[in-house]
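# Descriptive analysis of the structure
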Amino acid sequence: MTANTEVGLIELTDEVKEDIIRWRRYLHQNPELSFQEEKTAQFVYETLKSFGNLELSRPTKTSVMARLIGNEPGKVLAIRADMDALPIEEENSFEFVSKNPGVMHACGHDGHTSILLGTAKILSQFKSKIKGEIRFFFQHGEELFPGGGSEMVAAGVMEGVDFVIGAHLWSPLEVGKVGIKYGAMMASPDTFYITVKGKGGHAALPHQTVDSIAVAAQVVTNLQHIVSRCTDPLEPLVVTVAKFVGGTTHNVIPGTVEIMGTVRSFDKKLRESVPGLMERIIKGITDAHGASYDFKYDFGYHPVINHEEVTRVLEETVLDVFGKETLELIPANMGGEDFSAFQQAAPGAFFYVGAGNAEKGITYPHHHARFTIDEDALEIGVKMFVNAALKFVK
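From a predicted model like this one, the values you see are computed outputs, not experimental measurements. (Residues numbered from 1 in each chain as written. Predicted model: local features only at pLDDT ≥ 70, side-chain atom pairs only at ≥ 80, totals over all residues. Heavy atoms only, no water.)

## Brief notes about the overall build of the chain
Filter applied, for reference: Labels follow the DSSP assignment, with helices taken as runs of H or I lasting at least four residues and strands as runs of E lasting at least two, numbered in each case from the N terminus. Surface exposure here means Shrake-Rupley accessible area, sampled with a 1.4 Å probe, where a residue is shielded only by the protein chains that are shown.
When helices and strands are counted, the chain shows eleven helices and 16 strands. Overall, the chain is about 80 × 45 × 40 Å in size when its C-alpha atoms are taken along their principal axes. Carbon and sulfur atoms make up 52% of the accessible area of the chain, which amounts to about 17000 Å² in all.

Encoded structure:
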């Protein structure tokens with residue numbers, strides 16, 4: 001069975017268009033934070049139950065898995081969508097804004113969930129023609145480390161899976177485009193915490209203190225030498241200080257400064273070398289000025305590295321279903337995604353579905369209080385998943 005020859009597939013996709021928009025708007029109005037997606041998971045479970053032909057389970061408290069098992073043996077494909085929202089106060093004015101103060105779907109996960117629901121609804125009607133199995137993962141906690149993906153994998157959802165695919169609605173990419181990337185696509189997002197410990201005192205008598213702000217400022221500046229002078233310039237690496245907290249008023253030199261930031265990379269060896277490079281710099285500067293420090297480094301998600309053969313099927317799907325004008329071969333970026341947890345267990349690939357639209361004013365970036373998507377992207381996401389799935393399990 002192929003995506004291009006299946007009778008009624010186009011009609012079925014058209015039939016779910018209103019459903020996926022309605023589901024997306026309901027989810028947008030009712031966002032839940034990472035690891036708190038209880039009502040969301042229940043909504044997903046009940047919606048899947050209404051389709052029939054699916055075996056449902058709850059691998060974790062706030063995740064859902066549906067299994068569509070064909071009548072003939074074959075390969076097992078998993079498709080993943082994330083469901084959690086962000087701690088952001090929404091500033092949009094459309095009629096389906098968040099009802100939960102301080103919580104918002106500002107990254108498109110409401111759309112991801114509705115796309116996979118639409119995909120499951122269509123494919124559930126092809127049970128008798130599917131060889132093998134398709135699993136639908138509705139994942140919790142993507143936005144908060146250690147991530148729901150690793151929890152689902154630990155719960156056994158990937159046992160027997162041959163391939164895994166996932167998608168992200170992507171506002172920097174115009175609606176009507178599908179972004180494909182072979183190999184390294186998204187980086188590993190690690191986090192570091194530094195406390196510079198000096199000796200506080202009066203701002204007018206700095207010689208009686210060990211100025212933690214002055215020392216910490218040198219730490220921040222010199223950390224950039226890791227990228228510019230300590231690593232191969234052809235190897236992607238980002239070291240960003242995103243938090244610098246010290247002091248309470250204008251005339252007091254504080255005793256401590258807290259620094260927090262992120263490191264992004266693709267290469268495993270380079271990634272593992274960064275904490276040592278950082279600590280060497282921190283120790284050298286603090287020692288030189290009579291200060292001390294605490295340093296903590298947390299390794300986050302694995303990088304998203306797309307498998308060549310799985311990616312090729314996705315590229316072929318774009319060309320077969322939409323044509324070459326839709327295909328966008330995109331560069332890698334330094335964002336992080338815990339879809340990578342599933343890629344540790346089976347060959348997998350991630351792709352982008354364009355969701356921005358400058359003509360409609362849909363240009364705000366992900367994690368912005370006015371973020372939204374062009375809902376025309378939802379149908380494109382469904383068509384990609386459905387047609388790709390039928391290629392994997394034919």
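## Considerations on the layout of surface pockets
What counts here: A pocket here means an open set of points on a 1 Å grid, computed over the protein atoms alone, that has protein on both sides within 12 Å along at least five of seven lines. A cavity is instead a set of points where a 1.4 Å probe fits but cannot get out; residues with an atom within 4 Å of a point line either one. Grid points are joined across faces, edges and corners, and a volume is the space filled by probe spheres set on the points. Throughout this entry, Asp, Glu, Lys and Arg are counted as charged residues, while Ala, Val, Leu, Ile, Met, Phe, Trp, Tyr, Cys and Pro are counted as nonpolar. The remaining residues, Gly among them, count as polar.
The computed volume of the largest pocket comes to approximately 760 Å³. Together, 29 residues line the largest pocket, and Glu143, Pro189, Arg264, Gly336 and His367 are the ones closest to its centre. Counting residues per element, the ones that place at least two in the lining of the largest pocket are strand S5 (163-174), strand S8 (188-197), strand S10 (237-245) and strand S12 (256-265). Looking at side-chain class alone, the lining of the largest pocket contains eleven nonpolar, eleven polar and seven charged residues.

## Let's talk about the packing of helix H2 (residues 17-29) against helix H4 (residues 109-123)
Note the cut-off: Every axis corresponds to a line fitted to the C-alpha atoms, with the helix fit spanning only the stretch in contact, and the corresponding angles, defined between N-to-C directions, vary from 0 to 180 degrees. Each crossing gets its handedness from the near helix: less than a right angle anticlockwise from the far helix is left-handed, clockwise is right-handed. Residues count as neighbours in contact if any of their non-hydrogen atoms are within 4.5 Å of one another.
The contact between H2 and H4 brings their axes to 8 Å, and the two run at 145 degrees. Read as a crossing pair, H2 and H4 show a hand that is right-handed. Contact residues: H2 offers Asp19, Ile20, Trp23, Arg24, Leu27 and His28, while H4 offers Asp110, Gly111, Thr113, Ser114, Leu117, Gly118 and Lys121.

## Considerations on the packing of helix H3 (residues 38-49) against H4
Here is the rule we go by: Every angle not falling under 35 degrees, over 145, or within 65 to 115 is termed oblique; those three ranges are roughly parallel, roughly antiparallel and roughly perpendicular.
Viewed as axis vectors pointing N to C, H3 and H4 meet at an angle of 20 degrees, and their least axial separation amounts to 10 Å. Viewed along their axes, H3 and H4 adopt a mutual orientation that is roughly parallel. For H3 against H4, the interelement crossing comes out right-handed. Along the contact surface, H3 presents Phe43, Val44, Thr47 and Leu48, while H4 presents Thr113, Leu117 and Ala120. When grouped by side-chain class, the residues that make up the contact of H3 with H4 number five nonpolar, two polar and no charged.

## Section: unusual backbone geometry
Trans peptide bonds make up the majority, and among non-glycine residues the majority have a negative phi. At the junction of Phe145 and Pro146, the peptide bond is cis and its omega measures out at 15 degrees in the coordinates. Within the secondary structure, Pro146 is located in the loop between strand S4 (131-139) and helix H5 (148-154). At Phe35, a position not held by glycine, the phi torsion is positive, near 70 degrees. Relative to the elements of secondary structure, Phe35 occurs in the loop between H2 and H3.

## What about empty space enclosed by the protein?
For the coordinates displayed, the defined rule picks out one cavity of 30 Å³ or more. Approximately 50 Å³ is the volume found for the largest cavity. Considering the residues around the largest cavity, the lining is formed by Arg80, Ala81, His112, Ile115, Ala167, His168, Leu169, Val353 and Phe385. Elements with a minimum of two residues in the lining of the largest cavity: strand S3 (72-82), H4 and S5. Among the elements that line the lining of the largest cavity, the one with the most residues is S5, at three residues. When its residues are assigned to classes, the lining of the largest cavity shows six nonpolar, two polar and one charged.

## A closer look at helix H8 (residues 268-288)
Applied cut-off: Take the number of residues in a helix, subtract one, and multiply by 1.5 Å to get its expected span. Throughout, bend refers to the angle between the axes fitted to the seven residues that end at a position and the seven residues that start at it. For every residue, the accessible area (1.4 Å probe, protein chains only) is compared with the maximum for its type, and the residue is labelled buried under 20%, exposed over 50%, or partly exposed between those bounds. What qualifies as a polar contact is a pair of N or O atoms within 3.5 Å, subject to a donor-acceptor requirement within protein and to the restriction that residues adjacent in sequence count only when both atoms come from side chains.
Along its 21 residues, H8 runs 32 Å from first to last C-alpha, staying within 8% of the 30 Å computed at 1.5 Å per residue. When the local axis directions of H8 are compared, the greatest deviation, roughly 30 degrees, occurs at Val274, which is followed within four positions by the proline Pro275. If you check which residues of H8 are buried, you get Leu270, Arg271, Val274, Pro275, Leu277, Met278, Ile281, Ile282, Ile285 and Thr286. Put simply, Asp267 is the residue that caps the front of H8, since its side-chain oxygen is 3.2 Å from the backbone nitrogen of Lys269. Two residues or fewer after H8 comes Gly290, characterised by a positive phi angle close to 75 degrees.

## What to know about the sheet that holds strand S15 (residues 327-329)
One key point about sheets: their strands pair by backbone hydrogen bonds, in either a parallel or an antiparallel sense. Here is the rule we go by: Here, a strand pair is defined by DSSP locating no fewer than two bridges between the strands.
If you walk across this open sheet you meet the eight strands as S1-S2-S4-S3-S5-S16-S6-S15, and the pairing is mixed. The open sheet is flanked by strand S1 (55-57) and S15, the only strands paired with a single partner. On average, adjacent strands in this sheet sit at an angle of 25 degrees to one another, irrespective of strand direction. In this sheet, S5 lies alongside S3 in parallel orientation, the contact comprising four bridges. Counterpart to Arg80 in the pairing with S5 is Gly166.

## Notes on the environment of Lys177
By the secondary structure assignment, Lys177 is in the loop between S5 and strand S6 (178-180). By relative accessible area, Lys177 is classed as partly exposed at 26%. Residues within four places of Lys177 in sequence aside, it is in contact with Glu325, Thr326, Glu328, Tyr352, Val353 and Gly354.

## Quick notes on the nonpolar core
Selection rule: What makes a nonpolar core is a set of buried Ala, Val, Leu, Ile, Met, Phe, Trp, Tyr and Cys residues whose side-chain atoms join them at distances within 4.5 Å.
Residues Leu48, Ile79, Ile134, Phe136, Phe138, Ile165 and Phe351 are the most contacted members of the largest nonpolar core, which totals 64 residues. If one sorts the elements of this core by residue count, helix H11 (residues 376-392) sits on top with eleven residues. The contacts of Ile79, once residues within four sequence positions are left out, are Leu116, Thr119, Ile134, Arg135, Phe136, Phe137, Ile165, Phe385 and Ala389. Counting 24 residues, the second largest nonpolar core, distinct from the first, contains Ile194, Val215, Ile259 and Val274.

## Regarding the pairing of S4
Which entries qualify depends on this criterion: The definition of a right-handed crossover adopted here requires that, viewed with the strands pointing away, the path from the first strand over the helix to the second runs clockwise.
Counting buried residues along S4, eight of its nine residues qualify, which places the element largely inside the surrounding structure. Judged from the eight bridges that link them, S3 and S4 form a sheet pairing that is parallel. The residue bridging Asp82 from the neighbouring strand is Gln139, located in S4. In this fold, S3 hands off to H4, which returns the chain to S4; that crossover is right-handed.

Function cannot be read off these values alone, since they describe shape.
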